[in-house]
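# Notes for the structure review
Listed below are the residues making up each chain.
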Amino acid sequence: MTRFIFITGGVVSSLGKGLASAALGALLQARGFKVRLRKLDPYINVDPGTMSPYQHGEVYVTDDGAETDLDLGHYERFTGVACRQSDNVTTGRIYSDVIAKERRGDYLGATIQVIPHITDAIKNFITSDLTGEDFVLCEIGGTVGDIEGLPFLEAIRQLGNDLGRDRTMYLHLTLMPFIPSVGELKTKPTQHSVKELLSVGIQPDVLLVRADRPIPDAERRKIALFCNVREQAVIPALDVETIYGVPISYHDEGLDDQVCRHFGINAKAPDLSRWIEIRDRILKPEGEVSIAVVGKYTGLIDAYKSLAEALHHGGIANNVRVHMHWMESETFETGNALHHLDGVHGILVPGGFGERGSEGKIAVARFARERRVPYFGICFGMQMAVVEAARNLAGLEGAGSSEFGACKHAVVGLMTEWLRGNELQKRQVGGNLGGTMRLGAYPCVLEKGSRVRDIYRVREISERHRHRYEVNTRYKETLEKAGIRFSGMSPDGVLPEIIEIPDHPWFIGVQFHPELKSKPFDPHPLFKSFIAGAVQQSRLV
Ligand code: GLN
């Protein structure tokens with residue numbers, strides 16, 4: 001029997017609902033349950049794929065090619081359960097599906113309304129495509145009280161009746177702000193937020209209350225009384241030193257006990273050894289390395305969420321703390337800014353789009369190559385490293401990417417046709433931008449004797465993609481002669497997936513996004529190896 005836990009948030013946004021959901025998922029998993037996490041986003045975009053990273057942070061890509069909310073990255077990192085297309089939906093997607101059905105005539109005769117048609121579509125989404133999960137944790141994006149969130153709240157309210165209260169639970173995340181002038185944590189915002197939920201017919205079963213200091217018992221009792229929740233079901237969620245300590249801290253406060261109690265389950269105690277080990281390794285590193293991340297959206301760390309986590313995982317694997325220096329690539333386009341890179345132990349150029357800042361990335365790739373500093377180019381970072389090598393190693397003057405318009409040597413070009421499994425994918429210049437990139441998992445064969453083969457220790461890998469342009473194989477031979485090894489190719493040999501420079505301590509570019517698959521308990525091999533390379537470098541400088 002699948003049980004559903006609905007997670008809402010109140011008082012303010014950015015309370016860490018995604019992390020809270022992921023941590024609860026990890027706790028239930030540690031008790032031996034099979035879990036799945038889902039997110040319902042109230043905005044009107046069909047998916048976040050076309051949104052600026054500054055608006056929405058990273059776009060997280062699943063194996064099956066969905067462009068999703070970054071919270072799904074938390075879900076995967078905490079539970080190891082691979083998210084699917086069916087784990088994230090937006091208002092835009094729900095409406096566009098309902099309208100398409102209406103146009104087809106599927107509702108013949110009916111007036112299409114929010115209740116029941118939109119709410120039915122939402123309920124259908126929540127309860128579909130499950131494979132024997134014990135728990136589905138379903139996070140509702142936004143904050144209670146937002147107009148846009150109403151159909152989602154109505155749908156989960158209805159599910160409470162449809163499925164029965166023994167199969168559903170409502171968990172509400174709120175905030176107790178500390179008011180310095182009176183020296184108190186305040187309960188009123190939580191009371192109001194719960195009132196807001198009650199006004200749409202939802203009585204929360206458990207309250208998870210964020211606070212920056214311990215919540216006094218009297219205040220906890222007060223929240224319980226005013227919000228009509230048992231006192232033990234008011235769970236303090238205090239700030240912790242590392243996000244990977246959250247499952248332990250929630251468990252200590254009794255969250256998973258309360259969930260089991262709500263459902264009347266007598267479950268074994270969770271095995272938290274994995275989380276304790278990770279937390280201890282993070283809090284007691286044996287050294288540290290500095291990594292420069294040179295990108296375009298460095299003003300918003302959420303734009304590189306998975307990347308930052310994957311670097312931390314690389315640190316966990318090597319028992320070192322990873323200091324990330326976020327640097328704006330445009331800085332490296334004027335004057336002599338390269339001295340900012342002096343003393344870093346590794347340089348990472350992440351994914352990105354558009355011409356702005358690209359020359360800076362090319363300059364940085366050159367610096368890394370010539371100074372023999374470990375370089376990790378991801379997607380756009382690989383493409384810019386190839387442009388750099390084409391210009392400065394292969395002597396192809398005017399080499400560039402056709403993403404920035406026509407150029408003399410388009411060593412990176414638009415891919416108009418490729419195979420996904422047996423299916424031919426076709427794209428054209430000027431086509432739709434939404435959902436049309438090379439998306440999701442693709443296989444890649446690693447060349448014998450290459451560094452990446454040594455790192456992964458297998459012949460074939462599968463990694464996730466999100467890009468429109470590819471390294472142009474017309475220049476493969478020229479680049480190989482100049483010292484670039486094409487060490488990973490698509491199985492049909494058509495798409496370059498990995499390049500490396502054999503004559504360099506650590507220089508690897510990958511067309512895919514390895515950061516999306518890294519986990520704290522299973523650091524990605526490339527990040528583990530890159531940080532090991534940075535540790536080596538730190539012994540030299
Ligand atoms: N802009 C490049 C492309 O579309 C790289 C994309 C990326 O880094 N994710 O191919």
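Throughout what follows, the structure given in this document is the object of discussion. Sequence positions are assigned chain by chain, starting from 1 and proceeding in written order. A pLDDT threshold of at least 70 governs which residues receive local features in this predicted model, and a stricter bar of 80 or more applies before side-chain atom pairs are shown or counted, although totals over entire chains, interfaces and linings include all residues. In computing side-chain values, all of the structure's heavy atoms are included and hydrogens and water are not.

## A few points about the sheet that holds strand 7 (residues 168–175)
Strands qualify as paired when DSSP identifies two bridges or more between them. To qualify as a helix, a DSSP run of H or I must reach at least 4 residues; to qualify as a strand, a run of E must reach at least 2; elements of each kind are numbered from the N terminus. Pairing in this open sheet of seven strands is parallel, and the strands run 5-2-6-1-7-10-11 from one edge to the other. Only two strands of the sheet have a single partner each, and these edge strands are strand 5 (88–90) and strand 11 (234–238). Mean inter-strand twist for the sheet, computed between neighbouring axes without regard to direction, equals 20 degrees. Of the pairings in the sheet, the one linking strand 2 (residues 35–41) to strand 5 comprises three bridges and is parallel in character. Think of each axis as a best-fit line through the C-alpha atoms, taken over the contacting stretch in the case of a helix, with angles from 0 to 180 degrees between the N-to-C directions.

## Quick word on helix 8 (residues 217–227)
Accessibility here uses a 1.4 Å probe with only protein chains present; expressed as a share of the type maximum, an area under 20% marks a residue as buried, one over 50% as exposed, and anything in between as partly exposed. Listed as buried for helix 8 are Arg-220, Ile-223, Ala-224 and Cys-227. The buried residues of helix 8 occupy one face: seen down the axis, they fall within an arc of 100 degrees. Turned more than 90 degrees from where helix 8 packs its buried face, Leu-225 and Phe-226 sit exposed. Two residues qualify as a contact provided that any one of their heavy atoms is within 4.5 Å of a heavy atom in the partner residue. At its buried positions, helix 8 is contacted by helix 7 (188–199), strand 10 (206–211) and strand 11. Immediately beyond the C-terminal end of helix 8, within one or two residues, lies Asn-228, with a positive phi of roughly 60 degrees. The directions from the helix axis to the C-beta atoms are what the arc is built from.

## Structural notes on the packing of helix 5 (residues 114–127) against helix 6 (residues 150–163)
Direction vectors running N to C along helix 5 and helix 6 enclose 70 degrees, while the axes themselves pass 9 Å from each other. By the criterion of interaxial angle, the relationship of helix 5 to helix 6 is roughly perpendicular. Helix 5 and helix 6 meet at a crossing whose hand is right-handed. Along the contact surface, helix 5 presents Val-114, Ile-115, Ile-118, Thr-119, Ile-122, Lys-123, Ile-126 and Thr-127, while helix 6 presents Pro-151, Phe-152, Glu-154, Ala-155, Ile-156, Gln-158, Leu-159 and Asp-162. Of the residues that constitute the contact of helix 5 with helix 6, the class distribution is ten nonpolar, three polar and three charged. Any angle that is under 35 degrees is reported as roughly parallel, and any over 145 degrees as roughly antiparallel; angles of 65 to 115 degrees are reported as roughly perpendicular and all others as oblique. A clockwise turn of the near helix away from the far one marks a right-handed crossing, whereas an anticlockwise turn of less than a right angle marks a left-handed crossing. Any residue that is not Ala, Val, Leu, Ile, Met, Phe, Trp, Tyr, Cys, Pro, Asp, Glu, Lys or Arg is counted as polar, Gly included; the first ten are nonpolar and the last four charged.

## What about the sheet that holds strand 15 (residues 375–378)?
Ordered in space as 13-12-14-15-25-24-23-20-21, the nine strands form an open sheet in which the pairing is mixed. Looking at the sheet topology across the chains shown, the edges are occupied by strand 13 (320–328) and strand 21 (460–467). Averaged over neighbouring strand pairs, the angle between their axes works out to 25 degrees when direction is ignored. The strands touched by helix 13 (residues 358–371) within the sheet are strand 12 (287–295), strand 14 (346–349), strand 15 and strand 25 (507–510), with strand 14 carrying the most contacts at an inclination of about 150 degrees. Packed onto the sheet, helix 14 (residues 380–392) meets strand 14, strand 15, strand 24 (496–500) and strand 25 and runs at close to 115 degrees relative to strand 15.

## So, the state of the cysteines
What counts as a disulfide here is a pair of cysteine sulfur atoms lying within 2.5 Å. Applying the stated criterion across every chain, the model contains zero disulfides. Counting only cysteine sulfurs, Cys-379 is the nearest neighbor of Cys-444, a cysteine outside any disulfide, at a range of 13 Å.

## Points about helix 10 (residues 255–263)
Residues three or four positions apart in an α-helix share a direction because the helix packs 3.6 residues into each turn. For helix 10, the full list of buried residues reads Leu-255, Asp-256, Gln-258, Val-259, Cys-260 and Phe-263. In the stretch just after helix 10, Gly-264 is the one whose phi turns positive, near 65 degrees.

## Brief notes about the side chain of Ser-490
Along the chain, Ser-490 turns up in the loop between strand 23 (485–489) and strand 24. Its relative accessible area of 7% is what places Ser-490 among the buried residues. Within polar-contact distance, the side chain of Ser-490 engages the side chain of Asp-492 at 2.6 Å. By the criterion applied in these results, polar contacts are pairs of N or O atoms within 3.5 Å in which, for protein atoms, one can donate a hydrogen and the other can accept it, and in which residues neighboring in sequence qualify only through two side-chain atoms.

## As for the packing of aromatic side chains
For Phe, Tyr and Trp, rings pair up if their centres lie within 6.5 Å, where Trp contributes its six-membered ring, and each pair is then called stacked (planes under 30 degrees apart), edge-to-face (over 60) or tilted (otherwise). Inspection of the entire model under this criterion finds 17 aromatic pairs. Ring centres of Tyr-54 and Tyr-297 lie 5.9 Å apart, and the angle between their planes is 85 degrees; this geometry places the pair in the edge-to-face category. Taken together, the residues span a long stretch of sequence, with Tyr-54 in helix 2 (residues 53–56) and Tyr-297 in the loop between strand 12 and helix 12 (305–318) at a distance of 243 residues. Consider the ring centre and the ring normal. A charge sits over the ring if Lys NZ or Arg CZ is within 6 Å of that centre and within 35 degrees of that normal. Seen from the ring of Phe-125, Arg-38 lies directly overhead, with NZ or CZ sitting 5.8 Å from the centre. Just above the ring of Phe-178 sits the side chain of Arg-213; from NZ or CZ to the centre is 3.4 Å.

## Section: the site of the ligand
Here, proximity means that at least one heavy atom of the residue falls within 4 Å of the molecule or strand. What surrounds the ligand is the set Gly-351, Gly-352, Phe-353, Cys-379, Phe-380, Gln-383, Glu-403, Arg-466, His-467, Arg-468, Tyr-469 and His-513. A distance of 3.0 Å separates an oxygen atom of the ligand from a polar atom in the backbone of Phe-380. Contact between the ligand and Arg-466: a nitrogen atom at 2.9 Å from a main-chain N or O atom of the residue. Note on areas: Shrake-Rupley with a 1.4 Å probe; residue coverage comes only from the protein chains shown. If the ligand stood free it would expose 290 Å²; the protein chains cover 99% of that surface.

## Focus: the nonpolar core
Core analysis: the biggest nonpolar cluster contains 57 residues, and Ile-5 and Phe-135 have the highest contact counts within it. Among the elements that take part in this core, helix 1 (residues 17–30) stands out by supplying nine residues, more than any other. In this view, Ile-5 contacts Leu-24, Leu-28, Phe-135, Val-136, Leu-137, Cys-138, Met-169, Leu-171, Val-259 and Phe-263; residues no more than four positions away in its chain are not counted. Throughout this description, the term nonpolar core refers to a set of buried Ala, Val, Leu, Ile, Met, Phe, Trp, Tyr and Cys residues connected via side-chain atoms within 4.5 Å. Of all hydrophobic cores here, the second largest spans 38 residues; its members include Phe-380, Val-386, Tyr-469 and Tyr-475.

## Quick word on the pattern of salt bridges
Once their charged atoms are close, side chains differing in charge can pair, the charge on each being opposite to the other. The term salt bridge refers to a side-chain nitrogen of Lys or Arg lying within 4 Å of a carboxyl oxygen of Asp or Glu. In total, this model carries 37 salt bridges according to the counting rule given. Arg-210 is the partner of Asp-239 in a salt bridge, and the nearest nitrogen-oxygen pair spans 2.8 Å. Highlighted residues: Asp-239 in the loop between strand 11 and helix 9 (246–253) and Arg-210 in strand 10, separated in sequence by 29 residues. What makes Asp-239 partly exposed here is its relative accessible area of 46%. Under the relative-accessibility criterion, Arg-210 is labelled partly exposed at 23%. Taking the shortest distance from any N to any O, the salt bridge between Glu-370 and Arg-366 comes out at 2.9 Å. Residue Glu-370 and its partner Arg-366 are both found in helix 13; the two are separated by four residues, about one turn of the helix.

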